[in-house]
Each structure stands twice: as C-alpha cells, then as structure tokens.
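# Examining the three-dimensional arrangement
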Amino acid sequence: MATLRLTAAQALVRYLAAQRIAIGDEVVPLFGGVWAIFGHGNVAGLGEALFAARETLPTFRAHNEQAMAHAAIAYAKAHKRRRMMACTSSIGPGALNMVTAAALAHVNRLPVLLLPGDVFASRRPDPVLQQVEDFGDATVSANDCFRPVSRYFDRITRPEQLLAALPRALDVLTDPVECGPVTLAFCQDVQTEAFDYPEMLFEERVRRIRAPEPDAREIEDAVRLLENAKRPLIIAGGGAHYAGACGALADFAERHGIPVAETQAGKGALQFDHPCNAGSVGVTGSAAANTLAAEADLILAIGTRLQDFTTGSRALFAAQGRRILHLNVAARDAEKHGGVPLVADAARGLAALDAAIGLWRAPPDWRDRAEALRRDWHDAVARATAPTNTQPPSDAEVIGVVDRVLGETATVVCAAGGLPGELHKLWCARGPNSYHVEYGFSCMGYEIAGALGVKLALPDRDVVVMVGDGSYLMLNSEIATSVAMGLKLIIVVLDNRGFGCINRLQQATGGAPFNNLLADAHHVAEVPIDFVKHAESLGAVAEKADDLAALDAALGRARLADRTAVVVIDTDPAKTTEAGGAWWDVAVPEVSSRAEVGDARRRYENAIEHQSLV
C-alpha cells in the first residue's frame, strides 16, 4: 500500500482539503476554510500545516475564538448545512472560548469542526502552561468541557487515530440527523508527530447529504390524518430550508389550501406575501398563526423540533382532540408531543404526501378564516412598523425603516434579546436566505460574528445586522475582521441603554427593574458610550441617526459605503409590539414580599393549567 509520511496535523489538513460536496449538479469543496487563532498548542503543528495548504484550504484570522466559531456556524447555516468550516484554537482559554459556540451549534443542529489544541499526550512537560490539573483524573483536560455540547468528541493522542477519527467526524458533520458540532481535541505533541498514512486516505471524496424516503405505512397514517382534518395547519421549521423544500412547501400549501406558520428557523420558507403564509408562530408569533394554531385540529410540523417558544410552552396546541403529524428526518423529533411520525427528508416526504392525497383540499371555511386572519395581521404589521412622532422610536419602527430601505435584497441577521421576537413577527422575509436569526440558543454576541459567516457564504447579498447595545458590547471585535477581509456588513445598533428585553420580562413576572438597564444597575457614574466612535476605531464608517427620517437617509449611505457601515439609533426600552404573541412558561416565585410578584404568581398558576402534558 502506498503511503505518505506526514505529521498528524498535515494529514488532518490534507484530508479536509480533499473533501467535496455535491450540491445539485455542482461539486464544490466541503470546507470553505479554517478559522484560526494560534497559540501554544496549535501554532507549531496545525499552524505549519495550514500555511502549506493555504491555497487549497484558506485560513482566516479572527479576534475572538467564540466569534470565529459563530462565523463558521453561520456560514454552514447560510449554506443550508451543505458546506462548513473548521476552527482551531490554543489549549486553554482559547479552546474554552469556543464552548459557547459549540453549544449554539449543538442546539441548532449545525455543522462545525472544532480543533482545539490539547495538552501533551506524552505528559513529558506536565503541567504545561494553561493545563487544567485534575488530581483525581489524569485524563481530563479543559477540552472535556466540549463533550456535552459535541455530537462527536475524540481526543487525538496518537497520529494513527486519525485513520478512524476523521471519517467518523465527517460522517456526523454530513448526516442530516446527527448533524452538529464535532470536536477533535488535538494533543499538541501529537500534531507534530509523523506517521506513514495510506495515500487513499487523501483521495478526493464527494459526499452527498442523505435524503431518506418516507415509510409507506407512515404515509398511509399521514394521509388518513390529513383527509380527516377540518382545520389543518402547517408549521415550517428549519428542516424545510435544510432539505431544500421551501418551493415544494409553498406549492403544497397552496394546492391543498393549508395555511402555513413559520418558526424562527423556518421563517422565509414562504415569502411573507404568499397567500398561505400566516406569519410567525408561538411566543413571538403573529395573531393569525397563533389563532390558527389554537383552533387547528391537525398540526403538520415540518422540520421543527417544536421547542417551547414555538408551542407557547405546550399551551398553544393544547386543544382537545388536536393531533400533530411530524414530518421530520429525525425519529426522535418525530415522536415529540405525542405526535404521529412521518420520518423522511422534508422534500421527499412532501412529494409523497402530495401524490397520496391527490386533489384533497382543506375545507373552504377554514381557508377563508386563514385568509381573513392573514389580512388582519398584515394590517397589524403595517401599524406596528409605521413611523410615529414619538422619541425615541420603538424597535418595531426601526425594523420598518430597515425593511423598507434594505429588505428587498438583504439577509437580516440577529440573535438575542427583544429584536428576534420583533423580527419574527414583523420582518417581511422575501424567501430563503432573507432571514438569518439564531434563536435556538439565543446567544448574545452571535450577531456581528454570525453576519461575517453569512457574508462569506452569500457574498452577493446585502448582509444587515440588527443588534442591541447589550449584544454589541458583548462581542463586536469582528467588525475589524469584516473590514480587513473586505466583507462588508451593514450594522444597525439599537441603543436602549441596557438589556431592555430582560428588563421587560423581569417586570412582567412581578420583579422590580433591577440590574438590566444601565440606570438600574450598580454604578457611581453614567458612562456615555459612543458607539459611532467605537465602530470607527475598528475601521468601519459610522454615524448616529437622531430619528427615523435620519435613519432612512443613513441606511442609504450605508448601502453605498465601500466597507462595513454602522448606524446607531436610540430606541425605547419599554415599548414592544402588542399584537400577536403567546404565553411563555417563566417560573414566578411562590413567596415574595412584593405584591406584584404575588399577582404574577396567580396569573402563572392559572396559565400552567392550560399546558398540555404530552
């Protein structure tokens, strides 16, 4: 057998560079590159290997390990899990900085290959700089923190272990069910050790994402449920996007007269003005979708895990006799909430259902009700986003301006706080790739870093970041990276001087305003944070908009700017869109000296009586 003598790091890099993915009729590299912040533990081994392969597997430098992993995850999401990136860090704090991002990828089922450096396998110089010593378990390192947030974890302690570890890692990364973060903790001495690897390991490998067909018996069960349904509702999740099923879903819904509600991950599956699109569903849902969900006798859940924000903490779909039909590639998701499983790729499952139910359509009175609710909701969106003379404006009013100026060609990126809820309700998504909001993990700091990954994946689109001042202050360093790499972003900073969303939740559960808005936190002086000067110091062009008219003009200039542009506007921390929405289970103390908490507890106890237990 022909062999190549390579270091373990060189072998890993060569293997990654040889991986290809078939996307339709096109074959492209599976890995779009590697994000790296070098330190002791990866600079001598992986650093040397990546330098030699920089033409075939480009390496990008970021300013923060969590941020670079967010960028890699966003890149994979924008590519519908068809392409991905790897991230490498040093052995200590650099590695642990990626754990938050690993959890985000795990919750959202998005592929990313994490390659943190690790301690010496030989243990010759133990304890090395940054080594975590566990005197009860000598095998533990800081990288064990990745175990619960990785779909596959391995520690490479011998160079020949790559022969087994690399194929297993790639199988997980490209599996539609197991997809998620893979961590290969790479001992720093092993990275530099040589081994005679078989040449066939590095042959070009073209991978295809598996798209399983549905079981015939499950199709029969699904057809019976649909044909007997008087009030069916489709809930579209992220799986509709990942399966490339958005067009098929739009056609299916229209042909059979079934209204469609969208989760955060599913938003954009249908254009906002599609005749069957009832809008967002759940805690941040439209009045149309939530009313239909409460009245539906059958929920056809497509590619969604139906987490609590979608189900209104199990209270929204609690109607007597309601059934849930799960079209999902993952059997474990298809069994949730006492549902009936239809385990299949979303596109293939829809095609089989379509053929099996023939000319069946939902009853006319249900279709008419859905259309009336949809029209009412569009009117509510117009009212919520219309400019007013109040200062400072609401988040909804700012969203309205950004949508009108940039929405036609933009991908909007957001993650945590109140903005995702307002965007879920109010942003007029123009179809797939127009809406990129991370809300499975609701991770503050994802926004700007994630947008960098989106722009790498979708260079021809305007990538618009909507971010609150709280998230901006948590993680903004990749503004400098976007300028350096020529990856232009348009960033709208909505400054409500604190964590406005949690402040509202705190008061809704009876709590006093405390430690969320800057004014309510411990301080000896108010700090006048100048976001414009800060963004300019990172290389962006930036300006402050004093009102909505100024915001409109500033966004026009931002669109024409030659590099990342930041527009800052003050917003009201208290005001939120009242239309739509559903209850969310946030536990309230049973005992408190505050009367407001007692009132909130009584409302809470009444609400939990309406939760479904299955």
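Everything below is about the structure printed above this text.
Now for a quick tour of the structure. Since the model is a prediction, treat every value here as computed from it, not as a measurement.

Each value, and the rule that gives it
Residues numbered from 1 in each chain as written. Predicted model: local features only at pLDDT ≥ 70, side-chain atom pairs only at ≥ 80, totals over all residues. Heavy atoms only, no water. Helix = DSSP H or I, 4+ residues; strand = E, 2+ residues; numbered from the N terminus. Buried < 20%, exposed > 50% of the residue type's maximum accessible area, 1.4 Å probe, protein only. Contact = heavy atoms within 4.5 Å. Lys, Arg positive; Asp, Glu negative; His and termini not counted. Charge placed at Lys NZ, Arg CZ, Asp CG, Glu CD. Pairing = 2+ DSSP bridges. Axes fitted to C-alpha atoms, helices over the stretch in contact; angles between N-to-C directions. Left-handed = near helix turned anticlockwise from the far one by under 90°. Right-handed = clockwise from strand over helix to strand, strands pointing away. Core = buried A, V, L, I, M, F, W, Y, C linked by side-chain atoms within 4.5 Å.

Below, the discussion takes up the overall build of the protein chain. What the protein chain contains, in helices and strands, is 24 helices and 23 strands. Seen through its principal axes, the protein chain has C-alpha atoms that stretch 70 × 70 × 55 Å. Within the protein chain, the fraction of its 614 residues that count as buried is 58%. A separation threshold of at least 6 residues defines the contact pool for the protein chain, and within that pool the share at least 24 residues apart is 77%. Taking the average place of the 59 positive charges on the side chains of the protein chain and the average place of its 74 negative ones, the gap between the two points comes to 3 Å.

The strand order across the open sheet built from six strands is 14-13-12-15-16-17, with neighbouring strands paired in parallel fashion. Of all strands in the sheet, those bounded by a partner on one side alone are strand 14 (277-280) and strand 17 (340-343). Taking the axes of each pair of neighbouring strands and ignoring which way they run, one obtains an average angle of 20° across the sheet. Here strand 12 (residues 232-236) runs beside strand 13 (residues 260-262); their pairing, made up of three bridges, is parallel. Looking across to strand 13, one finds that Ala-236 is bridged to Glu-262.

Here we take up the packing of helix 16 (residues 395-406) against helix 23 (residues 548-560). Interhelical geometry of helix 16 versus helix 23 gives an angle of 35° and a closest axis separation of 10 Å. With respect to the hand of their crossing, helix 16 and helix 23 are arranged in right-handed fashion. From helix 16, Glu-397, Val-398, Val-401, Val-402, Val-405 and Leu-406 reach across to helix 23, where they touch Leu-548, Leu-551, Asp-552, Leu-555, Gly-556 and Arg-559.

In this section: the pairing of strand 4 (residues 31-36). For strand 4, the tally of buried residues reaches six of six residues, placing the bulk of the element in the interior. Sheet analysis places strand 4 next to strand 6 (residues 84-89), joined by four bridges and oriented parallel. Bridging across to strand 6, Val-34 finds its partner in Ala-86. Across three bridges, strand 4 lies against strand 5 (residues 59-61) in parallel orientation. Bridging across to strand 5, Ala-36 finds its partner in Arg-61. In the classification by handedness, the crossover that spans strand 4, the intervening helix 2 (residues 46-52) and the parallel strand 5 is right-handed.

What follows deals with the nonpolar core. One finds Met-466 and Leu-555 to be the most contacted residues of the largest nonpolar core, which totals 93 residues. Setting aside its immediate chain neighbours within four residues, Leu-555 contacts Val-401, Val-402, Val-405, Leu-406, Ile-490, Val-492 and Val-567.

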